[in-house]
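These are the residues of each chain, in order.
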Amino acid sequence: MVTLLGFFCILSNVALLVLYQPTMDGTDPSWLYYSFALGLWSYSTMDNIDGKQARRTGTSSPLGELFDHGIDSLNCTLGSLLEAAAMGLGNSKSAVFTALVPCLPMFFSTWETYHTHTLYLGVINGPTEGLILACTVMGIAGHWGPGVWTQPLSNFLGGSSLLGDVAFRDVWVGIIIVSLFLTHIPFCVHNVIKARRRDGLPIAPVFLEWTPMAVFTLSVGCWLLSPHSTLRTNNHLVLFCLTMSFVFGRMTTKIILAHLTKQPFPYWTVMLWPLVGGALIFNLPVLGLAPLTAGAELLYLQAYFVFAVVVYFRWAFLVINSICEYLGINCLTIPEKKLKDMGLDRQIAQRVRNMQAPLREMSSGSASGRKDSLRSRAASINGNANKGEKRY
């Protein structure tokens, strides 16, 4: 429930984005970007305390892990979409990159966890420093406006001509690429290889498990970046990212479920087929065929969104019910028996504290008495010594 409450903050931000700035061009009131920062920070806080809350209430279970990482997967595109809006990137290629590139590190971390049974996070990582950076970007956009991110860096460096028209968003893309391919993916691969060698398993087959992510990435690029697609020019990037949120969420959550139930790695999900279809259909002019109209492409995307929502929630409902039934637990609620046990534990703990209080006082009094006795003996010895000195 804690994780879900945090995710509702992100969904509220996305709703505000759709209502006030579907074009993401940075022409909105400043409070909108402050709300983005607050929502993302609230989500991060909830995401960090959910495990502690589960342990405190005695409700930790594999379902909690599945639920936690499943929500994180859904947030990959949505949180980054808010960041793209705060930077005023509109529906540009930079916006596409900013909104969808977080899916890559999330996939590789999930793939790594499947083989190593441990979620490794570096000294600098996305769930902590990445979210802090995103909140900072949103806060700055609220104070100075999103346009600050698209201005040439030379304006902030005394008009230097060495940088030309390079803006922060251009540097931003480079920073993400460097951090992804130099500090994240190589370590994921290294840890998986080390785990496979430890278990005496072959290494080469694990690279075939990149298939769903490769298909996802290539299909998104071929569709959105196609000169024959009208989604970006007609400001439909928000709807596309909402759809990809469910597609990617289903893909990674299947890996998490396979890890928890010790099942073979899932190489595919049915929700990828319409994505592949979109990448092919809206590149038909490459084959000499007539392009589809903008209305047809929007209708296809809307149908894909409905399909993704129905398939995702049906699958989630079946999986959650199956786990709850097998483990004998509740979803989002604490069983009444567990609440009674928690109340009884608190009463016992309080009684123990009440019994220990007099003992601590007695112990403290005994210690004080011993200290006074030692002081008296020391004074007596010093007195005798002084008397001796006077006699001699």
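Let us look at the structure shown here. Residues take numbers from 1 onward in each chain, read along the sequence in its written order. The predicted nature of this model means local features are confined to residues of pLDDT at least 70 and side-chain atom pairs, given and counted, to a pLDDT of 80 or more, with totals for whole chains, interfaces and linings taken over all residues. For side-chain calculations, the full set of non-hydrogen atoms in the structure is used, while hydrogens and water are omitted.

## Re the layout of surface pockets
Alright, step 1. Taken as a whole, the second largest pocket spans an internal volume of roughly 480 Å³.
Alright, step 2. Every definition here rests on a 1 Å grid over the protein atoms only: cavities are sets of points where a 1.4 Å probe fits but cannot get out, pockets are open sets enclosed by protein on both sides within 12 Å along at least five of seven lines, and lining residues have some atom within 4 Å of a point. In this structure, the second largest pocket is lined by 25 residues; those nearest its centre are Phe67, Ile71, Tyr312, Phe313 and Ala316.
Alright, step 3. Helix numbers and strand numbers start at the N terminus; a helix is a DSSP run of H or I with at least 4 residues, a strand a run of E with at least 2. At the level of elements, α1 (2-20), α3 (62-86), α10 (237-261) and α12 (294-327) are the ones that each hand at least two residues to the lining of the second largest pocket.
Alright, step 4. If one sorts the elements of the lining of the second largest pocket by residue count, α12 sits on top with nine residues.
Alright, step 5. In this count, Pro and Cys sit with the nonpolar residues alongside Ala, Val, Leu, Ile, Met, Phe, Trp and Tyr, while Asp, Glu, Lys and Arg are called charged and the others, Gly among them, polar. Split by residue class, the lining of the second largest pocket holds 21 nonpolar, four polar and no charged. Grid points are joined across faces, edges and corners, and a volume is the space filled by probe spheres set on the points.

## What about the pattern of salt bridges?
Side chains that differ in sign of charge can pair as their charged atoms come close.
Alright, step 1. By salt bridge we mean one thing: a side-chain nitrogen of Lys or Arg within 4 Å of a carboxyl oxygen of Asp or Glu. Inspection of every chain in the model, using the stated rule, returns one salt bridge.
Alright, step 2. The salt bridge partner of Asp199 is Arg198, with a shortest N-O separation of 3.2 Å.
Alright, step 3. When a residue's accessible area, from a 1.4 Å probe over protein chains only, is under 20% of the maximum for its type it is buried; when over 50% it is exposed; and in between it is partly exposed. The exposure class of Arg198 is exposed, given its relative accessible area of 55%.

## Quick look at the side chain of Thr110
Alright, step 1. Along the chain, Thr110 falls in helix α5 (residues 103-116).
Alright, step 2. Residue class for Thr110 comes out buried when judged on its relative accessible area of 7%.
Alright, step 3. Whether two residues are in contact is decided by their heavy atoms, any of which lying within 4.5 Å being enough. Leaving out residues up to four positions away in the same chain, Thr110 has contacts with Thr252, Ile255 and Ile256.

## Some thoughts on the packing of α3 against α12
Alright, step 1. Two elements in contact, α3 and α12, have axes separated by 10 Å at closest approach and are oriented at 165 degrees. In this view, α3 runs roughly antiparallel relative to α12, as classed from their interaxial angle. With respect to the hand of their crossing, α3 and α12 are arranged in left-handed fashion. Contacts between α3 and α12 involve Pro62, Leu63, Leu66, Phe67, Gly70 and Leu74 on the former and, on the latter, Tyr312, Val319, Ile320, Ile323, Cys324 and Leu327.
Alright, step 2. The class makeup of the residues in the contact of α3 with α12 is 11 nonpolar, one polar and no charged. A fitted line through C-alpha atoms represents every axis, and for helices the fit uses only the stretch in contact; the resulting angles, taken between N-to-C directions, go from 0 to 180 degrees. Note on terminology: angles under 35 degrees are roughly parallel, angles over 145 are roughly antiparallel, angles of 65 to 115 are roughly perpendicular, and the others are oblique. Take the far helix as the reference: if the near one is turned anticlockwise from it by less than a right angle, the crossing is left-handed, and if turned clockwise, right-handed.

Taken by themselves, the reported measurements are silent on function.
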